[in-house]
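Survey of secondary and tertiary structure
The residues making up each chain are set out below.
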2 protein chains.
Amino acid sequence: MEDLQKISFDKIEITGGFWKRRQEINRNTTIFSVENRFRDTGRFEAFKFNWKEGADVPKPHFFWDSDIAKWLESVACILQREKDESLYRDAREVIDDIAAHQDENGYFNIYHTVVEPDNRFKDRDHHELYCLGHLIEAAVAWFNATGESDFLETLDRYIDYVIRVFVVERSAGFVTPGHEEIELALIKLYRLKKDKKYLDLAMFFLNERGKCDPTLGNWARGMYNQSHLPVREQRTAEGHSVRACYLYSAMADAALETGDEELLEACKAIFDDIADKKMYITGGVGSSHHGEAFTVPYDLPNATAYAETCAAISLAMFAGRMQLLERDAKYADVVERVIYNGMLSGISLDGKSFFYENPLEIRLQDRTKDVSVNDGERLPITQRLEVFWCSCCPPNVTRFIASIGDYLMSANDDEIYLHQFMPYTAAFDGMKITMETEYPVNGNVKIRVRGAKGKTLFVRIPGWCGTAGFTTSRPDCDLHPGEAKGYAKLPVAEDDFTLDVDMQMEPLWIAANHNVAADAGKVALTYGPLVYCAEGIDHDFPLFAAKVDLRGSYTKTFAPEYDAPVFVFTGSIPADDGKGLYYNVADLNGEPKPVNLRFIPYFAFANRGESDMQVWFLCQ
Amino acid sequence: MEDLQKISFDKIEITGGFWKRRQEINRNTTIFSVENRFRDTGRFEAFKFNWKEGADVPKPHFFWDSDIAKWLESVACILQREKDESLYRDAREVIDDIAAHQDENGYFNIYHTVVEPDNRFKDRDHHELYCLGHLIEAAVAWFNATGESDFLETLDRYIDYVIRVFVVERSAGFVTPGHEEIELALIKLYRLKKDKKYLDLAMFFLNERGKCDPTLGNWARGMYNQSHLPVREQRTAEGHSVRACYLYSAMADAALETGDEELLEACKAIFDDIADKKMYITGGVGSSHHGEAFTVPYDLPNATAYAETCAAISLAMFAGRMQLLERDAKYADVVERVIYNGMLSGISLDGKSFFYENPLEIRLQDRTKDVSVNDGERLPITQRLEVFWCSCCPPNVTRFIASIGDYLMSANDDEIYLHQFMPYTAAFDGMKITMETEYPVNGNVKIRVRGAKGKTLFVRIPGWCGTAGFTTSRPDCDLHPGEAKGYAKLPVAEDDFTLDVDMQMEPLWIAANHNVAADAGKVALTYGPLVYCAEGIDHDFPLFAAKVDLRGSYTKTFAPEYDAPVFVFTGSIPADDGKGLYYNVADLNGEPKPVNLRFIPYFAFANRGESDMQVWFLCQ
């Protein structure tokens with residue numbers, strides 16, 4: 001079969017509903033909020049290269065280039081859809097600054113020009129290649145949006161310098177970057193420019209990784225940055241989760257571009273390791289704040305969940321690439337899990353503030369500990385912030401939401417895969433595909449495909465969906481729903497082909513595999529792609545004591561503030577008031593006290609002030 | 001009513017059973033094991049004052065005096081019962097060393113003589129007064145055991161120096177010690193010598209505590225060392241748990257000696273705060289390793305439980321004092337909870353190695369995390385050690401077990417209170433009291449009281465005990481069991497009075513109050529005073545996934561290695577193999593897989609190598 005190619009977001013217009021609203025908030029509020037916070041903190045000023053010891057401007061950090069690069073990429077993705085003079089002007093100024101301050105030899109990095117110019121390419125963990133990677137992604141997006149190629153040309157000189165220093169002369173102080181990103185960026189650039197030098201450099205960094213002697217110290221720190229094994233020998237997700245999934249994304253890209261079966265096998269094994277053993281129900285990964293890292297299988301604590309917003313995004317990136325390599329809906333299932341839950345929880349409903357980490361449980365009581373006594377104890381965050389010192393997540397969210405269309409479909413000459421459900425119009429290869437749906441409010445989806453007669457349409461049946469009904473404009477259509485690993489296979493028999501999909505969407509109680517200690521004996525509520533939580537603000541008892549009644553009744557109400565339903569279920573708490581700290585269960589007279597439990601979408605937690613929150617509940 | 005006085009351990013001989021065996025192990029193995037480890041690490045050598053910069057002997061630490069002092073006290077408690085030339089000689093040598101190296105002004109401290117002689121009494125956290133307190137306790141025990149008073153006289157000169165520096169001249173660099181201990185030691189000495197200067201100095205340290213300006217820095221660090229409020233205003237257990245309970249013990253002692261009602265009220269409130277909100281089912285306290293401290297109410301995590309062995313001991317010390325102040329069995333209940341569980345788990349069955357911290361749950365899987373990735377993550381201990389750098393717990397266990405008789409009874413001219421159950425013979429005030437029992441194997445206890453006609457006997461009915469039957473040698477005896485706050489009140493009608501108590505002892509499933517998040521939906525097994533746990537070594541499934549069947553059958557077998565029964569209960573684990581990481585509970589076909597769960601006494605965990613361990617279980 002011919003390879004599938006991603007239909008990129010510029011071919012698709014999201015026309016309404018849940019994601020259209022998120023894109024509007026992103027375009028009208030978030031992009032400016034991030035820009036303003038970055039301006040307040042000196043990140044834009046840093047591109048003027050005015051800092052020196054004693055200067056009255058903030059000292060740049062060595063990852064500030066990447067923060068602004070992601071903002072630039074976000075702006076480009078927004079400009080792709082519609083003009084905005086203000087955004088264009090501010091972005092253009094940064095691009096001009098980059099060209100103005102580029103070294104004669106092509107090098108560009110703020111920190112290693114104004115703060116440590118003598119230490120260029122000496123410290124693997126100083127993010128120079130990571131920053132270049134994000135600049136490349138921004139330049140590609142900028143070219144696609146504006147047609148202006150000067151940004152790409154600026155970076156091309158830098159890339160030539162990198163090739164000289166790393167590959168030809170091998171004079172750099174390290175071989176592979178301490179934080180992956182440049183690999184996937186180079187392959188993205190290769191796809192645009194078709195110049196093999198970009199792919200070759202990406203493959204150089206991929207091929208060298210893990211070959212270094214792990215005893216050599218800092219530049220080969222091992223598992224933390226996936227340098228413990230050559231990439232083709234890696235089979236499990238290890239180390240810092242964002243670094244990891246950026247690497248795995250590049251490996252998948254490389255497998256698609258080169259047909260490298262060993263890379264593909266590694267990617268498949270690693271993906272399954274994540275999806276089967278190391279992923280929160282929200283799609284969050286990197287469960288430990290120690291190293292922001294993947295840990296051991298099934299180690300998914302809820303209250304201390306790190307699950308960085310960037311890590312969720314990076315998992316969607318990896319899964320989105322895998323859905324081109326294997327025709328299996330498990331990849332799109334993970335994309336969906338991430339975008340409706342662990343990624344979206346990273347941003348407030350008003351689009352102005354962000355979570356870096358995304359816990360699955362909050363107990364405010366724990367936060368009343370006296371820090372002078374409980375020295376050094378780390379209590380996870382309970383409220384979103386507008387900017388962080390390490391502010392990778394905010395512009396990652398803005399670029400992701402602006403380009404979420406990238407995850408919707410893939411195709412080749414014979415096949416069209418529809419991975420996600422939202423209202424859109426897509427036009428490519430002489431075809432026009434439209435989707436109408438209120439998803440995730442309900443599971444009814446109307447699809448119209450024009451100009452695709454003779455091709456085969458594959459429509460994903462989500463993993464959460466028990467039964468789905470299909471009605472086509474050709475009653476005699478030969479339906480094979482569910483045949484192709486989670487995709488309904490539908491021959492397109494007409495030039496103007498329509499399809500109604502009716503996915504049964506109802507609240508489901510989900511359990512975790514019995515190896516997950518944190519969720520033992522517990523259930524989580526889902527509705528379609530949405531994971532739910534309850535917040536203390538809606539309840540006058542400790543959430544952890546409540547047992548939901550799996551056979552009880554419930555009410556469902558559409559909540560416009562969430563573009564999704566909220567649910568109230570019956571449950572109970574033990575009638576142990578007055579029983580002291582420990583009591584014989586046989587002495588418990590009286591029935592458990594009935595309570596109502598109000599569930600809201602997980603992505604919407606912590607939008608009403610600090611509150612207890614819980615995803616996993618005891619059940620009866 | 002007249003005050004109750006403790007009947008001290010030297011009046012009581014434990015004649016058999018569970019505790020006799022622990023005392024034999026302590027006397028035959030542990031005391032020598034601790035001595036040898038302390039010798040290996042240079043703690044004895046330090047008393048020769050040979051260390052100087054560059055010397056080939058270990059540099060003493062500022063709490064080494066207290067380690068050896070507790071060993072000395074343990075030796076004295078053992079010698080109280082029987083002669084041992086070797087122990088006597090080794091202890092005597094240390095006592096002579098102390099006298100030989102005492103300053104002319106009376107001061108004695110190894111570290112602040114050989115390492116920092118210029119910084120005496122300058123740093124509140126350098127444990128000088130804490131070390132003196134333990135030396136005082138050792139000297140009192142030594143005098144009681146041997147009749148030799150020179151050790152007491154040596155320390156008396158030091159105490160006079162402390163009075164001069166702290167009380168008269170107020171020239172010390174701080175007012176109250178950073179680690180309490182000297183207060184209770186001084187009151188113990190006061191009780192022996194009846195010299196009011198000791199009580200006055202104890203009251204000085206108690207009265208000054210918490211009066212200091214908490215902004216003054218190091219010497220008034222606030223809650224961590226209970227300096228946040230004057231002691232009479234304290235109502236909750238706060239800060240470092242050993243420091244705290246040593247203070248509360250001294251407050252209780254002072255309340256008994258002075259009749260200070262405000263101190264008594266503070267002690268009662270603090271005790272209830274611990275017993276009702278901050279104590280593990282094992283009697284462990286100080287749930288957080290951050291500050292080894294009490295935290296907020298109901299914060300009792302199992303896997304990260306700190307619950308230092310010394311903290312359990314200190315809680316027993318506090319509760320043992322409270323049982324003299326209030327005629328309420330809740331205090332003796334806590335003593336019992338501690339001695340059979342959270343204290344005893346601190347030492348291995350062979351008496352050679354120790355836990356500093358005592359977790360209630362171990363998951364070895366968590367320990368496979370790569371520490372180079374999960375930098376800085378703290379994984380609680382899984383195996384006992386023979387010696388620690390900070391080795392306060394081992395000699396605290398040896399002195400506690402050697403003197404456990406201190407907790408058995410209290411009396412005044414009219415009343416005799418029997419708090420704990422074990423075979424013993426006690427002789428005091430012309431009376432002889434004997435107890436015969438196999439407790440905690442069963443709840444049958446035979447009591448014989450001679451020479452107490454006309455007095456009232458109070459026998460504790462343990463909190464765990466639903467029903468207890470009483471049969472006396474005088475069938476017409478006017479029994480009032482349960483009248484006196486958990487004690488059966490029994491008039492002693494004969495000179496030779498016998499009493500059979502039949503406490504119904506059966507395995508009980510205990511729940512924690514619904515405010516305890518860590519135990520929500522779970523139960524723990526107890527049998528009499530013993531808390532039980534299960535270990536991974538006996539099971540081929542993850543313990544956390546297992547649900548015990550509360551209505552299931554069980555087998556009970558006496559295990560001589562534990563002097564206690566072990567139980568096997570039926571339970572189940574979910575039939576979710578092959579269901580993936582998350583699954584719809586409605587899709588779970590098949591019954592849960594039945595399993596057997598083997599429970600052993602908690603105190604005996606980690607005696608068969610590293611293993612998973614769990615106290616609290618899901619139930620069905």
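Residues numbered from 1 in each chain as written. Chains lettered and ligands numbered in written order. Predicted model: local features only at pLDDT ≥ 70, side-chain atom pairs only at ≥ 80, totals over all residues. Heavy atoms only, no water.

Of the transformation superimposing chain B on chain A, the axial component is 0.0 Å and the angular component is 180°, with the fit at an RMSD of 0.0 Å. Such a combination of rotation and displacement between the chain copies is what one expects of a two-fold axis. No C-alpha of chain B lies nearer the rotation axis than that of Gly521(B), which sits 4.1 Å from it. Most of the interface of chain B is mirrored in chain A, where 98% of its interface residues are also at the interface. (Least-squares fit on C-alpha atoms with pLDDT ≥ 70 in both. Contact = heavy atoms within 4.5 Å.)

Residue and element names in this part refer to chain A. For helix α1 (residues 17–40), spanning 24 residues, the distance from its first C-alpha to its last is 33 Å, which sits close to the expected 34 Å at 1.5 Å a residue. Every buried residue belonging to α1 is among Phe 18, Trp 19, Arg 22, Gln 23, Asn 26, Arg 27, Thr 30, Ile 31, Ser 33, Val 34, Glu 35 and Phe 38, and all of these are buried. Its buried side turned inward, α1 meets β2 (12–14), α2 (64–81), α3 (85–101), α12 (329–342) and α13 (393–402). Taken from the residues just after α1, Gly 42 is the one with a positive phi, measuring 85°. (Helix = DSSP H or I, 4+ residues; strand = E, 2+ residues; numbered from the N terminus. Expected span 1.5 Å × (residues − 1). Buried < 20%, exposed > 50% of the residue type's maximum accessible area, 1.4 Å probe, protein only.)

For the rest of this paragraph, the subject is the sheet that holds strand β2 (residues 12–14) of chain B. Residues and elements named next belong to chain B. Ordered in space as β2-β8-β9-β10-β15-β12, the 6 strands form an open sheet in which the pairing is antiparallel. With partners counted over all chains shown, the strands left at the sheet margins are β2 and β12 (468–472), one partner each. For this sheet the average axis-to-axis angle between neighbouring strands, irrespective of direction, equals 15°. Here 3 bridges tie β2 to strand β8 (residues 424–428), and the two strands are oriented antiparallel to one another. Bridge pairing links Glu 13 to Thr 425 in β8. (Pairing = 2+ DSSP bridges. Axes fitted to C-alpha atoms, helices over the stretch in contact; angles between N-to-C directions.)

A few words now on the packing of helix α1 (residues 17–40) of chain B against helix α2 (residues 64–81) of chain B. All names here are of chain B. In contact at an axis separation of 11 Å, α1 and α2 are set at 155° when each is read in the N-to-C sense. Here α2 runs roughly antiparallel to α1, going by the angle between their axes. The handedness of the crossing between α1 and α2 comes out as left-handed. The segment α1 lies against α2, with Asn 26, Arg 27, Ile 31, Val 34, Glu 35 and Phe 38 engaging Asp 67, Ile 68, Trp 71, Ser 74, Val 75 and Ile 78. (Parallel < 35°, antiparallel > 145°, perpendicular 65-115°, else oblique. Left-handed = near helix turned anticlockwise from the far one by under 90°.)

With that settled, the discussion passes to the pattern of salt bridges. Within the structure shown, the criterion is met by 94 salt bridges over all chains. Glu257(A) serves as the salt-bridge partner of Arg191(A), at 2.5 Å between the closest nitrogen and oxygen. Here Glu257(A) lies in helix α9 (residues 241–258) and Arg191(A) lies in helix α7 (residues 182–193), a separation of 66 residues in the sequence. Given a relative accessible area of 27%, Glu257(A) falls into the partly exposed group. The shortest N-O distance in the salt bridge between Glu535(B) and Arg608(B) comes to 2.9 Å. (Salt bridge = Lys/Arg side-chain N within 4 Å of Asp/Glu carboxyl O.)

Once that is clear, we can look at the interface of chain B and chain A. Every contact between the two is made by 66 residues of chain B and, on the other side, 65 residues of chain A. Buried surface at the junction of chain B and chain A, both sides included, amounts to about 4,800 Å², of which 61% is carbon and sulfur. For the chain B face of the interface with chain A, the top three residues by lost area are His514(B), Leu581(B) and Tyr582(B), together amounting to 18%. In this structure, the connection of chain B to chain A is made through 0 salt bridges. Here chain B is connected to chain A by 16 residue pairs in polar contact (both at pLDDT 80 or more). Those elements that place two or more of their residues in the side of chain B that touches chain A are α10 (261–277), β4 (293–294), β16 (507–512) and β22 (582–584) of chain B. Element by element, the count of residues in the side of chain B that touches chain A is highest for β16(B), at 5 residues. Here strand β16 (residues 507–512) of chain A runs beside β22(B); their pairing, made up of 3 bridges, is antiparallel. (Buried area = accessible area lost by both parts, 1.4 Å probe. Polar contact = N/O pair within 3.5 Å; in protein donor to acceptor, adjacent residues only side chain to side chain.)

A word on helix α8 (residues 196–208) of chain B. All names here are of chain B. If you check α8, its first and last C-alpha atoms are 18 Å apart, about what 13 residues at 1.5 Å a residue would give, namely 18 Å. Taken residue by residue, α8 has Tyr 198, Leu 199, Leu 201, Ala 202, Met 203, Phe 204, Phe 205, Leu 206 and Glu 208 as its buried positions. At its buried positions, α8 is contacted by α5 (128–146), α6 (150–168), α7 (182–193), α9 (241–258) and α10. Of the residues flanking the start of α8, the one acting as N-cap is Asp 195, its side-chain oxygen 3.0 Å from the backbone nitrogen of Lys 197. Of the residues one or two after α8, Gly 210 is the one with positive phi, at around 80°.

The subject of this paragraph is the confidence of the model for chain A. Chain-level statistics for chain A give a pLDDT mean of 94 and a share of 96% at 70 or above. What the predictor reports for the complex is a pTM of 0.94 with an ipTM of 0.95. (pLDDT = per-residue confidence, 0-100.)

Turning our attention to the sheet that holds strand β12 (residues 468–472) of chain A. Residues and elements named next belong to chain A. The 6 strands are arranged β2-β8-β9-β10-β15-β12 in an open sheet whose pairing can be described as antiparallel. At either margin of the open sheet sits one strand with a lone partner, and together these are β2 and β12. Going across the sheet, the axis of each strand differs from the next one's by a mean of 15°, ignoring polarity. By the bridge criterion, 7 bridges tie strand β10 (residues 444–450) to strand β15 (residues 496–503) in an arrangement that is antiparallel. Residue pairing across strands places Asn 444 opposite Asp 502, the latter belonging to β15.

Our focus in this paragraph is the packing of aromatic side chains. As enumerated under the stated definition, the model contains 82 aromatic pairs over all chains in all. Considering the side-chain rings of Trp19(A) and Tyr340(A), the 5.4 Å spacing of their centres and the 65° angle between planes classify their relative orientation as edge-to-face. Separated by 321 residues along the polypeptide, Trp19(A) in helix α1 and Tyr340(A) in helix α12 bring together distant segments of the chain. With centroids separated by 6.0 Å and ring planes inclined at 70°, the aromatic side chains of Tyr306(B) and Tyr356(B) adopt a geometry described as edge-to-face. Here Tyr356(B) lies in the loop between α12 (329–342) and β5 (361–362) and Tyr306(B) lies in the loop between β4 and α11 (309–325), a separation of 50 residues in the sequence. A residue is classified by how much of its surface remains accessible, and Tyr306(B), at 8% relative accessible area, is buried. One aromatic cluster is present, built from ring pairs that chain together Tyr107(A), Phe121(A), Tyr158(A), Tyr161(A), Phe166(A), Phe174(A), Phe204(A) and Phe205(A). Here the guanidinium or amino end of Arg384(B) rests over the ring plane of Phe605(B), the centre of that ring lying 5.4 Å away. (Phe/Tyr/Trp six-rings, centres within 6.5 Å; stacked < 30°, edge-to-face > 60°. Lys NZ or Arg CZ within 6 Å of the ring centre and 35° of its normal.)

Residues and elements named next belong to chain B. With 2 bridges connecting them, strand β18 (residues 530–535) and strand β23 (residues 593–601) associate as antiparallel partners. The partner of Cys 533 across the bridge, within β23, is Ile 600. Two strands pair when backbone bridges link them, and strand β21 (residues 564–573) and β23 are joined in this way by 7 bridges, in the antiparallel orientation. Considered in β23, the bridge of Thr 570 is made with Asn 596.

Before going further, it helps to spend a moment on the state of the cysteines. Residues and elements named next belong to chain A. On inspection of all chains with the given rule, the structure shows 0 disulfides over all chains. Considering cysteine sulfurs only, Cys 267 is the nearest to Cys 245, which forms no disulfide, with 11 Å between them. For the unlinked cysteine Cys 390, the closest cysteine sulfur is that of Cys 392, found at 4.1 Å. Among the residues examined, Cys 390 registers a relative accessible area of 22% and is labelled partly exposed. (Disulfide = S-S within 2.5 Å.)

Residue and element names in this part refer to chain B. For Phe 318, the location among the structural elements is in helix α11. Spatially, the C-alpha atom of Phe 318 lies 23 Å from that of Gln 80, the residues being 238 residues apart in sequence. Not counting the four nearest positions on each side in its chain, Phe 318 is found in contact with Cys 245, Tyr 248, Ser 249, Ala 252, Cys 267, Ile 270, Phe 271 and Ile 274.

Before going further, it helps to examine the environment of Leu192(A). Residues and elements named next belong to chain A. For Leu 192, the location among the structural elements is in helix α7. The spatial distance from the C-alpha of Leu 192 to the C-alpha of Val 334 is 27 Å, given a sequence separation of 142 residues. Non-local contacts of Leu 192, meaning those with residues more than four positions away in its chain, are made with Val 140, Phe 143, Asn 144 and Leu 152.

As a further point, take unusual backbone geometry. All names here are of chain A. Tyr 439 connects to Pro 440 through a cis peptide bond whose omega is 10°. Mapped onto the secondary structure, Pro 440 falls in the loop between β9 (431–437) and β10. Backbone geometry at Phe 121 places phi at a positive 50°, although glycine is not the residue there. Here Phe 121 lies in the loop between α4 (111–114) and α5 (128–146). We classify Phe 121 as buried; its relative accessible area is 3%. Of note, the phi angle at Lys 194 is positive, near 60°, even though the residue is not glycine.

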